[in-house]
Amino acid sequence: MVKGSIQNTEPRGAAGPLRDKIRDMELGLAKLKRLSGEDVAALLKLRDEIAHDVAALTEQGVDLRPELTRITSIDGMLTSKAGIIVRKG
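Residues numbered from 1 in each chain as written. Predicted model: local features only at pLDDT ≥ 70, side-chain atom pairs only at ≥ 80, totals over all residues. Heavy atoms only, no water.

**Focus on the overall build of the protein chain**
Inference 1: For the protein chain, the helix and strand inventory stands at 4 helices and 0 strands.
Inference 2: Counting from the amino terminus, helix and strand elements in the protein chain follow one another as α-α-α-α.
Inference 3: Out of the 89 residues in the protein chain, the part that is buried amounts to 33%.
Inference 4: In the protein chain, the share of contacts with a sequence separation of at least 24, taken over all contacts with a separation of at least 6, comes to 67%. (Helix = DSSP H or I, 4+ residues; strand = E, 2+ residues; numbered from the N terminus. Buried < 20%, exposed > 50% of the residue type's maximum accessible area, 1.4 Å probe, protein only. Contact = heavy atoms within 4.5 Å.)

See below:
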């Protein structure tokens, strides 16, 4: 979890934890320039966790269309901010 993020503890179904991770990614990318190299590494690890969660939930038959749209947006941001990410590493 990225520093400063808020975790919602209301039950939201099987995809709830995935949605939390997606939100943490979105918040982290929004403040990428202010993050330390360690925080950027944690953000990239979080993206790997999201991929793992998507695979597991898809295997369970969970409909992830809204989440996949947000993940596609995250991946676009990662690509567009690759220079910043490399400099932080």
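Now that the structure is up, let's keep going.
**Here we look at helix H2 (residues 37–59)**
Inference 1: Over its 23 residues, H2 runs 34 Å from end to end, which matches the ideal 33 Å to within 8%, given 1.5 Å per residue.
Inference 2: Every buried residue of H2 is listed here: Asp39, Val40, Leu43, Leu46, Arg47, Ile50, Asp53, Val54 and Leu57.
Inference 3: Of the residues flanking the end of H2, it is glycine 61, one or two places downstream, whose phi is positive at about 85 degrees. (Expected span 1.5 Å × (residues − 1).)

**Looking at the environment of leucine 43**
Inference 1: Inspection of the secondary structure assignment puts leucine 43 in helix H2.
Inference 2: Residues leucine 43 and glycine 28, spaced 15 residues apart in sequence, show a C-alpha to C-alpha distance of 6.9 Å.

**Structural notes on the environment of aspartate 75**
Inference 1: With respect to the element layout, aspartate 75 can be found in helix H3 (residues 65–80).
Inference 2: Assessed through its relative accessible area of 28%, aspartate 75 is described here as partly exposed.

**Describing H3**
Inference 1: The end-to-end C-alpha distance of H3, which contains 16 residues, comes to 23 Å, matching closely the 22 Å that a straight helix rising 1.5 Å per residue would cover.
Inference 2: Where H3 is buried, its residues meet helix H1 (16–30), H2 and helix H4 (82–88).

**Examining the pattern of salt bridges**
Inference 1: Under the definition given, this model contains 6 salt bridges.
Inference 2: Across the pair arginine 47 and aspartate 75 runs a salt bridge whose closest N-O atoms are separated by 2.7 Å. Taken as a pair, arginine 47 in helix H2 and aspartate 75 in helix H3 lie far apart in primary sequence, 28 residues in all.
Inference 3: In this structure, the salt-bridge partner of arginine 65 is aspartate 63, at a minimum N-O distance of 2.7 Å.
Inference 4: The exposure class assigned to arginine 65 is exposed, which follows from its relative accessible area of 61%.
Inference 5: Within the structure, one salt-bridge network assembled from shared partners comprises Lys21, Glu49 and Asp53. (Salt bridge = Lys/Arg side-chain N within 4 Å of Asp/Glu carboxyl O.)

**Observations concerning the nonpolar core**
Inference 1: Among the nonpolar cores identified, the biggest contains 19 residues, and Leu18, Met25, Leu29, Leu32, Leu43 and Ile50 are the most heavily contacted of them.
Inference 2: Among the secondary structure elements, those contributing two or more residues to this core are H1, H2, H3 and H4.
Inference 3: In terms of residues, this core owes the most to one element, H2, which gives 6 residues.
Inference 4: Beyond its immediate sequence surroundings of up to four residues, leucine 18 is in contact with Ile50, Asp53, Val54, Leu57, Leu64 and Glu67. (Core = buried A, V, L, I, M, F, W, Y, C linked by side-chain atoms within 4.5 Å.)

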